[in-house]
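This is what each chain is made of:
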Amino acid sequence: MEENNPIHNEEGKRPPSTDDSPQQDAQLNTPSTDEPIAEVEQPITYNPQPVTEQDMEVHHHAHDPAAPHHKKNWKSYFWEFLMLFLAVFCGFLAEYQLEHVIENSREKQFIKSYIEDLKTDTASINRNLAYQKSRKEQLDSMMKFLETQTIKGNESEFYYLGRVLIRTRRFQPSDRTITQLKNSGALRLIRNEQAADSIISYQKLVETILGNISDERDERRDVDPLMSLIFDPYVFDKMLDDNNIIHKPAGSPPLRSYDASLHKDLAYRIHQLKGSNRILDTRLTQLREKAAGIISFLQKAYHLE
């Protein structure tokens, strides 16, 4: 048999009331005056929505063939090419103009320096021409003594002529500018064709004269063996002072030899020296005239007057 045990409600638990009267609702909805009821914050829930491909911002690169782009026509390409070409061409013109200005300035400086060299050469040429004139007189006098055999009684004069015979005054051109032009390859900077031709022509004549001077030196060296046979070296030594200046010997000291055959050999050497003297005199005169003409031309051509 089933036992009918009484059903006991748990402590603190009451069965829900079935009284739906307005009085009961009022009591339930009226807050207690003994303890305030705290307002309970409701939690905020966030429901992320899935991001679709349509919502994503897509950045298309210019090189992406799938990206939409505006198709350029031939005019757009033409103008882009034209602007690029003009930019490069203008840069080239600016660089060329700057280089042109620099080279013009260098050319003018070289011309100024070369003119100064020509002026220095002119002064040196004038001194050398005066020496060549004096030397010609000395050679003529010595040749006359040997030809007429009038040396005896005039030994002092003949000794003096013999001692100065082996000396010379060299012409040394000023070549600092032309050497710089050649070594640096800057001769191309002389754009004036007539100026360049004048410079080259002048330098060729200078080289010819230097060759003549070298020949004359060899001819003087050929005289030395005869000089030692004809002249007394002790007399020569006394003719020099402390400043290396030659003076005529006192009295009439005798020669070492009066042999006519040796004198003729000496006369032949003097004849050769006279030829070199004439050549140098002629070509140095030409060089002086050429230098004067080039100076005048360059000053006008480069507005240096």
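None of the values given here were measured: they were computed from a predicted structure.

Describing the overall build of the protein
No. 1: Within the protein, the secondary structure is distributed over seven helices and zero strands.
No. 2: Along the protein, helices and strands appear, N-terminal first, in the series α-α-α-α-α-α-α.
No. 3: Burial status across the protein gives 29% buried among its 305 residues.
No. 4: Put simply, of all contacts in the protein between residues at least 6 apart along the chain, 85% involve residues at least 24 apart.
No. 5: Surface exposure of the protein reaches about 22500 Å², of which carbon and sulfur atoms provide 53%.

What about the confidence of the model for the protein?
Close reading of the predicted structure is inappropriate where its pLDDT is low.
No. 1: For the protein, the average pLDDT comes to 80, and 71% of its residues sit at 70 or higher.
No. 2: Across the protein, element-level confidence peaks in helix 3 (residues 155–165) with a mean pLDDT of 97 and bottoms out in helix 1 (residues 22–29) with 46.
No. 3: Counting interchain partners and residues more than four positions distant, the pLDDT-below-50 stretch residues 1–40 has five contacts.

Quick word on the nonpolar core
No. 1: Ranked by internal contacts, the top residues of the largest apolar core, which has 28 residues, are Ile190, Tyr202, Ile209, Leu287 and Leu298.
No. 2: Listed by contribution, the elements that provide at least two residues to this core are helix 2 (74–148), helix 4 (176–184), helix 5 (193–230) and helix 7 (260–301).
No. 3: Of all the elements, helix 5 adds the most residues to this core, at eight residues.
No. 4: When near neighbours in sequence (up to four residues on either side) are disregarded, Leu298 contacts Ile111, Tyr114, Ile115, Ala195, His303 and Leu304.

Points about empty space enclosed by the protein
No. 1: Applying the stated criterion across every chain yields a total of three cavities of 30 Å³ or more.
No. 2: Lining the largest cavity are 14 residues, with Gln132, Thr168, Arg169, Glu216 and Leu280 positioned closest to its centre.
No. 3: Within the residue set of the lining of the largest cavity, elements represented by two or more residues are helix 2, helix 5 and helix 7.
No. 4: Of the residues contributing to the lining of the largest cavity, the split by class is six nonpolar, four polar and four charged.

Considerations on the packing of helix 5 against helix 7
No. 1: One way to put it is that helix 5 packs onto helix 7 with a least axis distance of 9 Å and a crossing angle of 160°. One way to sum up the angle between helix 5 and helix 7 is to call them roughly antiparallel. Our pair here, helix 5 against helix 7, has a crossing hand that is left-handed.
No. 2: Per-class residue counts for the contact of helix 5 with helix 7 are 22 nonpolar, nine polar and eight charged.

What about the environment of His263?
No. 1: Positionally, His263 belongs in helix 7.
No. 2: Expressed as a C-alpha distance, the spacing of His263 and Leu146, which sit 117 residues apart in the sequence, is 6.3 Å.
No. 3: When near neighbours in sequence (up to four residues on either side) are disregarded, His263 contacts Leu146, Gln149, Ile151, Ile230, Leu255, Ser257 and Tyr258.

Focus: helix 5
No. 1: Spanning 38 residues, helix 5 covers 56 Å between terminal C-alpha atoms, matching the ideal 56 Å at 1.5 Å per step.
No. 2: Most pronounced at Asp224, the bend in helix 5 amounts to some 30°, and the proline Pro225 follows within four residues.
No. 3: Sitting at the amino-terminal end of helix 5 is Asn192, which places a side-chain oxygen 3.1 Å from the backbone nitrogen of Gln194.

Calculation criteria
- Residues numbered from 1 in each chain as written.
- Predicted model: local features only at pLDDT ≥ 70, side-chain atom pairs only at ≥ 80, totals over all residues.
- Heavy atoms only, no water.
- Helix = DSSP H or I, 4+ residues; strand = E, 2+ residues; numbered from the N terminus.
- Buried < 20%, exposed > 50% of the residue type's maximum accessible area, 1.4 Å probe, protein only.
- Contact = heavy atoms within 4.5 Å.
- Areas by Shrake-Rupley, 256 points an atom, 1.4 Å probe, with all protein chains shown as cover.
- pLDDT = per-residue confidence, 0-100.
- Core = buried A, V, L, I, M, F, W, Y, C linked by side-chain atoms within 4.5 Å.
- 1 Å grid on protein atoms, 1.4 Å probe; cavity = no way out; pocket = protein on both sides within 12 Å on 5 of 7 lines; lining within 4 Å.
- Points joined across faces, edges and corners; volume = space filled by probe spheres on them.
- Nonpolar A, V, L, I, M, F, W, Y, C, P; charged D, E, K, R; others polar.
- Axes fitted to C-alpha atoms, helices over the stretch in contact; angles between N-to-C directions.
- Parallel < 35°, antiparallel > 145°, perpendicular 65-115°, else oblique.
- Left-handed = near helix turned anticlockwise from the far one by under 90°.
- Expected span 1.5 Å × (residues − 1).
- Bend = angle between axes of the 7 residues up to and from the residue.
- Polar contact = N/O pair within 3.5 Å; in protein donor to acceptor, adjacent residues only side chain to side chain.

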